[in-house]
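# What the coordinates show
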Amino acid sequence: MEPIQLKIAKDSSIIKYVKIIREFDSSLSMGDIKSRIESGDFVVEFDLEYFDVLEDLSGVDRPRLFRGMIESLGSAGAQVSIYQGDEPISLEFLDNLLDSLDEIDRQVEAGRD
């Protein structure tokens, strides 16, 4: 599955968006995020099939945190465009992808019992 990528329209609230993005992914520098927004590049990229054992053991659901970040950006006033590869997708489509992945996880867990 291709990663999900976000673009954010440039406006006067970039600093608010940088803070929200850094809460999700602190590996991105503030300057890099700001530069990507200003140039219209993809700001954040996330693989929905991402898995980290330590996060899983701690109960962290990174794909849902990614979805929450998108929600937070929207609440902060950001105009967020979502892409899978080079194709724009809707938030509803992303939600359906997340639900499908959750269902697959449940089926795998049920098959182990």
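It should be noted that the structure appears before, not after, this text.
Residues numbered from 1 in each chain as written. Predicted model: local features only at pLDDT ≥ 70, side-chain atom pairs only at ≥ 80, totals over all residues. Heavy atoms only, no water.

## Quick word on the packing of aromatic side chains
- Evaluated as defined, the whole model comprises four aromatic pairs.
- Geometrically, the ring pair formed by Phe42 and Tyr83 is edge-to-face, given 5.2 Å between the ring centres and 80° between the ring planes. Remark: Tyr83 occurs in strand β3 (residues 80-84) and Phe42 occurs in the loop between α2 (30-39) and β2 (44-46); sequence separation between them is 41 residues.
- Judged by its relative accessible area of 24%, Phe42 falls in the partly exposed class.
- Among the residues examined, Tyr83 registers a relative accessible area of 17% and is labelled buried. (Phe/Tyr/Trp six-rings, centres within 6.5 Å; stacked < 30°, edge-to-face > 60°. Helix = DSSP H or I, 4+ residues; strand = E, 2+ residues; numbered from the N terminus. Buried < 20%, exposed > 50% of the residue type's maximum accessible area, 1.4 Å probe, protein only.)

## Looking at the pairing of strand β1 (residues 4-8)
- Most of β1 sits inside the fold, with four of its five residues counted as buried.
- Strand direction decides the pairing type here: β1 and β2, joined by three bridges, are antiparallel. What sits directly across from Gln5, in β2, is Glu45. (Pairing = 2+ DSSP bridges.)

## Looking at the sheet that holds β1
- Taken in spatial order, the four strands make up an open sheet running β2-β1-β3-β4, and their pairing is antiparallel. Of all the strands in the sheet, the pair left with one neighbour each is β2 and β4 (87-89). Within the sheet, the average angular offset between the axes of one strand and its neighbour, ignoring direction, is 35°.
- Sheet topology note: the β3/β4 ladder contains three bridges and is antiparallel. By the bridge assignment, Ile82 is partnered in β4 with Ile89. (Axes fitted to C-alpha atoms, helices over the stretch in contact; angles between N-to-C directions.)

## With respect to the nonpolar core
- Counting residues in hydrophobic clusters, the biggest one holds 28 residues, and the most contacted among them are Ile21, Phe66, Met69, Leu73 and Leu94.
- Secondary structure elements with two or more residues in this core: β1, α1 (14-24), α2, β2, α4 (62-75) and α5 (91-112).
- The dominant element in this core, judged by the number of residues it contributes, is α1, at six residues.
- Dropping the residues within four chain positions of it, Met69 is found in contact with Leu6, Ile20, Ile21, Phe24 and Val44. (Core = buried A, V, L, I, M, F, W, Y, C linked by side-chain atoms within 4.5 Å. Contact = heavy atoms within 4.5 Å.)

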